[in-house]
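# Summary of the model geometry
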Amino acid sequence: YLCSDEEFEKKDGEDPSLPYLKVINKDIPRTLPAHKQAREFGESGSLMRVLKAYCRHHPDVGYCQGMNFVAGLFLIILTDANEGGEAQPREEDDLLLESHSYWCFDSLCSRVLARYYTEDMVELQV
């Protein structure tokens with residue numbers, strides 16, 4: 001599982017997401033607070049798992065404030081919705097949703113925003 005703490009703990013070495021957990025935990029409740037699905041993804045841990053996975057796969061970047069909104073939007077966009085617009089609570093699909101959201105987020109950050117989420121935030125200066 002891409003974001004599993006259990007699988008990561010089996011590996012030797014320090015978890016690259018640890019230095020960012022305090023900031024991530026602070027940002028998650030701020031992620032689109034008026035949007036019901038965004039709150040649900042924060043409460044269920046889906047958003048945390050996507051962001052931790054990114055930190056683990058990109059320790060050179062880690063986590064930057066604002067990533068929570070982008071990752072949260074991918075979770076919302078990629079969610080199957082029923083007629084009432086409510087997220088369908090299907091646990092078997094959670095893993096797939098988080099995985100797809102992670103890879104979309106990873107691709108956007110790596111290809112389109114490659115120099116945006118960095119310490120010096122080069123792309124903001126251009």
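Residues numbered from 1 in each chain as written. Predicted model: local features only at pLDDT ≥ 70, side-chain atom pairs only at ≥ 80, totals over all residues. Heavy atoms only, no water.

This part is about the nonpolar core. Among the nonpolar cores identified, the biggest contains 24 residues, and Ile-24, Leu-51, Met-67 and Phe-105 are the most heavily contacted of them. Secondary-structure elements contributing two or more residues to this core are helix H2 (21-27), helix H3 (36-44), helix H4 (46-57), helix H5 (67-77) and helix H6 (91-112). A total of seven residues in this core trace back to one element, the largest contributor, which is H4. Not counting the four nearest positions on each side in its chain, Leu-51 is found in contact with Ile-24, Tyr-63, Met-67, Asn-68, Ala-71 and Phe-105. (Core = buried A, V, L, I, M, F, W, Y, C linked by side-chain atoms within 4.5 Å. Buried < 20%, exposed > 50% of the residue type's maximum accessible area, 1.4 Å probe, protein only. Helix = DSSP H or I, 4+ residues; strand = E, 2+ residues; numbered from the N terminus. Contact = heavy atoms within 4.5 Å.)

Low-confidence regions, as indicated by low pLDDT, have predicted coordinates that should not be scrutinised in detail. Predicted confidence across the protein chain gives a mean pLDDT of 79, with 69% of residues reaching 70 or more. No element of the protein chain has a lower mean pLDDT than helix H7 (residues 122-125), at 44, and none a higher one than H5, at 94. Per-residue pLDDT stays below 50 along residues 122-126; that stretch engages in five contacts with residues further than four places along the chain or on separate chains. (pLDDT = per-residue confidence, 0-100.)

This part takes up the pattern of salt bridges. In this structure the tally under the stated criterion is three salt bridges. Ionic pairing is found between Arg-56 and Asp-15, a salt bridge with its closest N-O pair at 2.7 Å. One end of the pair, Arg-56, is in helix H4; the other, Asp-15, is in the loop between helix H1 (5-9) and H2, and 41 residues separate them in sequence. For the pair formed by Arg-56 and Asp-15, the shared burial category is buried. A salt bridge links Arg-30 to Asp-27; the nearest nitrogen and oxygen atoms lie 3.3 Å apart. For Asp-27, a relative accessible area of 4% puts it in the buried group. (Salt bridge = Lys/Arg side-chain N within 4 Å of Asp/Glu carboxyl O.)

Under the criterion given, the structure shown has zero disulfides. Note on Cys-55: no disulfide assigned, nearest cysteine sulfur contributed by Cys-64 at a separation of 8.8 Å. Using a relative accessible area of 1% as the deciding quantity, one classes Cys-55 as buried. With relative accessibility at 16%, the residue Cys-64 sits in the buried group. (Disulfide = S-S within 2.5 Å.)

Here we take up unusual backbone geometry. A positive phi angle, near 45°, is found at Leu-32, a position not held by glycine. Its place among the elements puts Leu-32 in the loop between H2 and H3. Of the residues examined, Leu-32 reaches a relative accessible area of 26% and is grouped as partly exposed.

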